[in-house]
Amino acid sequence: MLMEIVTFDLRPGMTRDEVMEGARKVAPKWRAVPELVRKSFFYDPETNTAGAVYQWSDPAAADRWHDAAWRQSVRDTYGSEPRVQRLQMTLIADNEVGKTEEFAAPV
C-alpha cells in the first residue's frame, strides 16, 4: 500500500472557499479511480498551501494518475509545482471501522 502526500503553494490571496471549490470539482473524478482507496484534501491558511493525502492500492496507478498532465493542471489551477512525497504504509489504526490493518513490505 502506498501513501502519497501532495502539497502545493496557493496563488496569493486564494481563499479556503476557492480551494474547496477546486476539491469539490475534482472529487468525482477521484471517486471513479478503482486503485485509489482514499483521498483526503487539506488546506493550511498559515502557510498558504493545500494538497491531499492519497492511499493507493497499486503504486503503478499513482504513476499513471500523477503524470505530466496532472502536474500541469496543478500549476494552472494553483500557480505552483506540486510536491509529492511517497511513503510505504506499514499499519493503520482505524477507529472508524474498529480495526488495525498491517501491510506487508513491497516485493
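As the structure is a computational prediction, the values presented were derived from the model and not from experiment. The written sequence of each chain sets the order in which its residues are numbered from 1. Residue-level local features of this predicted model are given only where pLDDT is at least 70; pairs of side-chain atoms are given and counted only at 80 or more, and the full residue set underlies all totals for whole chains, interfaces and linings. Calculation of side-chain values draws on the structure's entire complement of heavy atoms; hydrogens and water are dropped beforehand.

**Some details on the sheet that holds strand β1 (residues 2–9)**
Strand order in this open sheet of 4 strands is β2-β3-β1-β4, and the pairing throughout is antiparallel. Only two strands of the sheet have a single partner each, and these edge strands are β2 (36–44) and β4 (83–88). Sheet twist, expressed as the mean angle between neighbouring strand axes with direction ignored, is 15 degrees. Two strands form a pair only when DSSP identifies at least two bridges running between them. Elements are defined by DSSP. Helices are runs of H or I of four residues or more, strands are runs of E of two residues or more, and each kind is numbered from the N terminus. To define axes, lines are fitted to C-alpha atoms, for helices over the stretch in contact only, and angles between the resulting N-to-C directions are given on a 0 to 180 degree scale.

**Structural notes on the pairing of β1**
It is a general feature of regular strands that their side chains alternate between the two faces of the sheet. Sheet topology note: the β1/strand β3 (residues 49–56) ladder contains 8 bridges and is antiparallel. Directly across from T7, in β3, lies its bridge partner G51.

**Here's the deal with the side chain of K39**
Tracing the chain through its elements places K39 in strand β2. When accessible area is computed with a 1.4 Å probe and restricted to protein chains, residues below 20% of their type maximum are described as buried, those above 50% as exposed, and intermediate ones as partly exposed. Working convention for charge: Lys and Arg count positive, Asp and Glu count negative, and His plus the chain ends are omitted. A pair is scored as a salt bridge if a Lys or Arg side-chain nitrogen falls within 4 Å of a carboxyl oxygen belonging to Asp or Glu. One buried charged residue, K39, forms no salt bridge at all, with the nearest opposite charge on E4 at 8.7 Å. At a separation of 3.0 Å, a polar atom in the side chain of K39 contacts the side chain of Y54. What K39 contacts, discounting residues up to four positions off in sequence, is V26, W30, A52, V53 and Y54. Within 3.5 Å is the distance limit for a polar contact, defined as a pair of N or O atoms, with the added protein rule that one can donate a hydrogen and the other accept it, and that residues adjacent in sequence qualify only through two side-chain atoms. Contact definition: two residues touch when any of their heavy atoms are within 4.5 Å.

**A look at the pattern of salt bridges**
In total, this model carries 7 salt bridges according to the counting rule given. With its nearest N and O atoms 3.7 Å apart, the salt bridge here joins R64 to D58. Using a relative accessible area of 27% as the deciding quantity, one classes D58 as partly exposed. Between E81 and R71 there is a salt bridge whose closest N-O contact spans 3.2 Å. Placement of the pair is E81 in the loop between α3 (68–78) and β4 and R71 in helix α3, with a sequence separation of 10 residues. Classification of E81 as partly exposed rests on a relative accessible area of 37%. For R71, a relative accessible area of 27% gives the class partly exposed. One connected set of salt bridges, linked through shared partners, spans E4, D63 and R86.

In short, the description is geometric, and any link to function would need to be established separately.
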